[in-house]
Amino acid sequence: MPREPRLRDYLTRDEVASLLRSAKKSRHAARNYAMILLAYRHGLRASEVTGLRWSDLDFATGTIYCRRAKGSRSSLHPMKPDEVASLAKVLARSELPMSEYVFQSERGEKMCRSAFWRVVARAGERAGLPVKAYAHLLRHSCGYFLANKGCDLRLIQDYLGHKQIQNTVRYTALNPARFAGLW
């Protein structure tokens, strides 16, 4: 069966907000909400979200160590208060034995990438988004948001951990503001 062509490969800020509201209504609301929020805000890949360890978080300073995959550069990012609060809820609501990993399955094991993909897809369906939601869409949404906000291309490159600038350029392509003032 042939694949459907994608209309676009990112979500708008309002669509991400709908996705997050939808995650709050799921069975594992605190966990799913926090996973989606962190993936979007920090441009994390599915393996990076599911591989997040408690030791990567510093609640005192409000920072998260983004341990990048695929040869990308890892970095330390500041967290916003709502991210810290969502992680505190995950910690408080866990009936499972403490694990080194932040996000666990119902069996207390490290959550796998495919499970996170399902969390995002189901939240997207419940939210009624105009595009099919998938985990990597959150990373692209982060990049497009930062580009449309007017962030410098090199800053976006560092934030997402790209080693090659060519991987970052795609996020500026849909920003009409880059042509403002040419004429």
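What comes next concerns the included structure. (Residues numbered from 1 in each chain as written. Predicted model: local features only at pLDDT ≥ 70, side-chain atom pairs only at ≥ 80, totals over all residues. Heavy atoms only, no water.)

1. Some details on the environment of Ala 147
Checked against the element boundaries, Ala 147 lands in helix H6 (residues 135-148). For the pair formed by Ala 147 and Ala 173, sequence separation is 26 residues and the distance between their alpha carbons is 8.9 Å. With residues up to four places along the chain from it excluded, the contact list for Ala 147 reads Ile 156, Tyr 171, Thr 172 and Asn 175. (Helix = DSSP H or I, 4+ residues; strand = E, 2+ residues; numbered from the N terminus. Contact = heavy atoms within 4.5 Å.)

2. Considering the sheet that holds strand S3 (residues 75-78)
Taken in spatial order, the three strands line up as S1-S2-S3 in an open sheet, and their pairing is antiparallel. The open sheet has two edge strands with one neighbour each: strand S1 (57-58) and S3. The pairing of strand S2 (residues 63-66) with S3 spans four bridges and is classified as antiparallel. Each residue of the ladder has a partner; that of Tyr 65, found in S3, is Leu 76. (Pairing = 2+ DSSP bridges.)

3. Quick notes on a positive patch on the surface
On the surface, a cluster of positive charge is made up of Arg 21, Lys 25, Arg 118, Arg 122 and Arg 126. Residue contributions to the positive patch peak at three residues, all from helix H5 (residues 113-127). Considering the arrangement of structural elements, one finds Arg 122 in helix H5. (Patch = residues over 30% accessible without salt bridge, like charges linked within 9 Å, V, L, I, M, F, W, Y side chains within 5 Å. Areas by Shrake-Rupley, 256 points an atom, 1.4 Å probe, with all protein chains shown as cover. Salt bridge = Lys/Arg side-chain N within 4 Å of Asp/Glu carboxyl O. Lys, Arg positive; Asp, Glu negative; His and termini not counted. Charge placed at Lys NZ, Arg CZ, Asp CG, Glu CD.)

4. So, the packing of H6 against helix H7 (residues 153-160)
For any two helices packed against each other, the geometry comes down to the angle between their axes and how far apart the axes lie. It is the contact of H6 with H7, at a shortest axis distance of 10 Å, that shows an interaxial angle of 155 degrees. Classified by the angle between their axes, H6 and H7 sit roughly antiparallel to one another. Where H6 crosses over H7, the handedness of that crossing is right-handed. Along its contact with H6, which presents Arg 139, Cys 142, Gly 143, Leu 146 and Ala 147, the element H7 presents Ile 156, Tyr 159 and Leu 160. Of the residues assigned to the contact of H6 with H7, the class counts are six nonpolar, one polar and one charged. (Axes fitted to C-alpha atoms, helices over the stretch in contact; angles between N-to-C directions. Parallel < 35°, antiparallel > 145°, perpendicular 65-115°, else oblique. Left-handed = near helix turned anticlockwise from the far one by under 90°. Nonpolar A, V, L, I, M, F, W, Y, C, P; charged D, E, K, R; others polar.)

5. Focus on the pattern of salt bridges
What the rule picks out here adds up to ten salt bridges. In this structure, Glu 100 and Arg 53 form a salt bridge, with 3.1 Å as the shortest nitrogen-oxygen distance. Taken as a pair, Glu 100 in the loop between helix H4 (81-93) and H5 and Arg 53 in the loop between helix H3 (46-50) and S1 lie far apart in primary sequence, 47 residues in all. Judged by relative accessible area, which is 46%, Glu 100 ranks as partly exposed. Shared partners join several salt bridges into a network, and the residues in it are Arg 41, Asp 82 and Glu 83. (Buried < 20%, exposed > 50% of the residue type's maximum accessible area, 1.4 Å probe, protein only.)

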